Amino acid sequence: MAKVLIIDDDKKHSELLQAYFKRFGIKLSCAFDAEQGFKKLSREEPDLLLLDVMLPGMDGFEICREVRKTNNIPIIMLTARGDIIDRVSGLELGADDYIGKPFEPRELVARVQATLRRAESTGATTGQLEFDGLIIDTETRTVRVEGEVVDLTSMEFELLYILAKRHGRKLSRDDILSELRGIDAAILTRSVDIMVSRLRQKIGDNQKPAKYIQTVWGRGYSFIGIPKSDV
C-alpha cells in the first residue's frame, strides 16, 4: 500500500481525505503543522508528500525548501492562492506538481497516482544511457556526472531521461509536459523552463556553451550530449 503524508492545518478536510484515499489503496497520514510534519516524514518515510502552502508559522514553501535539502520525495503542493507566481515558486523550490484549492478528491488521487507511477518507473526501457561524462541508469534511477552521483527528484530524473532518450531531437515544451504529466494536467508551460534550469544546475550544465541540454529558441530543448560510443 502506498504511503502519503499530508501537511495541512485543515484537520477536518485532511481526515476526510484520509478516508477517501483508503478506497484507492493509499494510506494517508496527517500532520497539521511543520513540526509534526517533519517528525512524521522522518519516522514514517512516506512515498509522497502533499504540502499545503498556507500554513501557520513555517509555510509550505519553507517546508518544501527544507525537505529538498535532504530528501527527493515527490511533492505535490496544495494552494488556495491562484497567483501564477505562487505556483511557479513551488516548482522552483523542487515541487513535482501542484493543485489549486478547492479541488475534487478524485483529481487529487489521480495526481498522486500519476506522480507515484513516475517515481517507480521510467517506462518499458531499462538499462543505461551513456554520454561523455554522464551516465543515466534507468534501473537504479541514478545519474552520475564525471563519476559522481547527482541527487535528482523523480521529476528531474524523468525530464533528463525524456530528453536523453531522444538524443538530437528538438522537443517543444508541450511535448515534454505531455510525457511528464499526461494530457489531463493543467500546468504552466513555463514550469518546463524552471525544471530545465534546476536540472542544468545539478548536472553542471549551466555554463555556455551547454554540454548536454541545448535551448532551441522559439521551440524548446534538445539533448546534445555526445554518446559514449562516439567519444
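Numbering of residues begins from 1 in every chain and follows the order in which that chain's sequence is written. Where totals are concerned, whole chains, interfaces and linings use all residues; where local detail is concerned, this predicted model gives features only for residues with pLDDT of at least 70, and gives and counts side-chain atom pairs only at 80 or more. The basis for every side-chain value is the complete set of non-hydrogen atoms in the structure, without hydrogens or water.

**Q** Before we go on, may I ask you to explain the pairing of strand E1 (residues 2–7) in this structure?
**A** Each regular strand shows side chains that alternate between the opposite faces of the sheet. Bridge analysis of E1 against strand E2 (residues 26–31) gives six bridges, and the strand direction is parallel. What sits directly across from Ile6, in E2, is Cys30. Crossover handedness is defined here as right-handed if the route from the first strand over the helix to the second strand goes clockwise, with the strands pointing away from the viewer. A helix here means a DSSP run of H or I that spans at least four residues, while a strand means a run of E at least two residues long, and both kinds are numbered starting from the N terminus. In this view, the connection linking E1 to its parallel neighbour E2 by way of helix H1 (residues 11–22) has right-handed handedness. Bridging between E1 and strand E3 (residues 48–52) involves four bridges; their strand directions are parallel. Within E3, the residue paired with Ile6 across the bridge is Leu50. Two strands are said to pair when DSSP picks up at least two bridges between them.

**Q** Can you walk me through the packing of aromatic side chains in this structure?
**A** The description of two aromatic rings rests on the distance between their centres and on the angle between their planes. Think of it this way: a Phe, Tyr or Trp ring, Trp meaning its six-membered ring, pairs with another when their centres are within 6.5 Å, and the plane angle makes it stacked under 30 degrees, edge-to-face over 60, tilted otherwise. If you walk through the whole model with that rule in mind, you get three aromatic pairs. Relative to Phe24, the ring of Tyr20 lies with its centre 5.2 Å away and its plane at 50 degrees, an arrangement referred to as tilted. For the ring pair Tyr212 and Phe223, a centre distance of 6.2 Å and an interplane angle of 20 degrees mean the geometry is stacked. Residue Tyr212 is found in the loop between helix H8 (190–202) and strand E11 (213–216), and its partner Phe223 is found in strand E12 (residues 220–223); the two are separated by eleven residues along the sequence. The same class applies to Tyr212 as to Phe223, namely buried. Members of the aromatic cluster, each reached through a chain of ring pairs, are Phe131, Tyr212 and Phe223. Burial classes: relative accessible area under 20% of the type maximum marks a residue as buried, over 50% as exposed, and values in between as partly exposed (1.4 Å probe, protein chains only).

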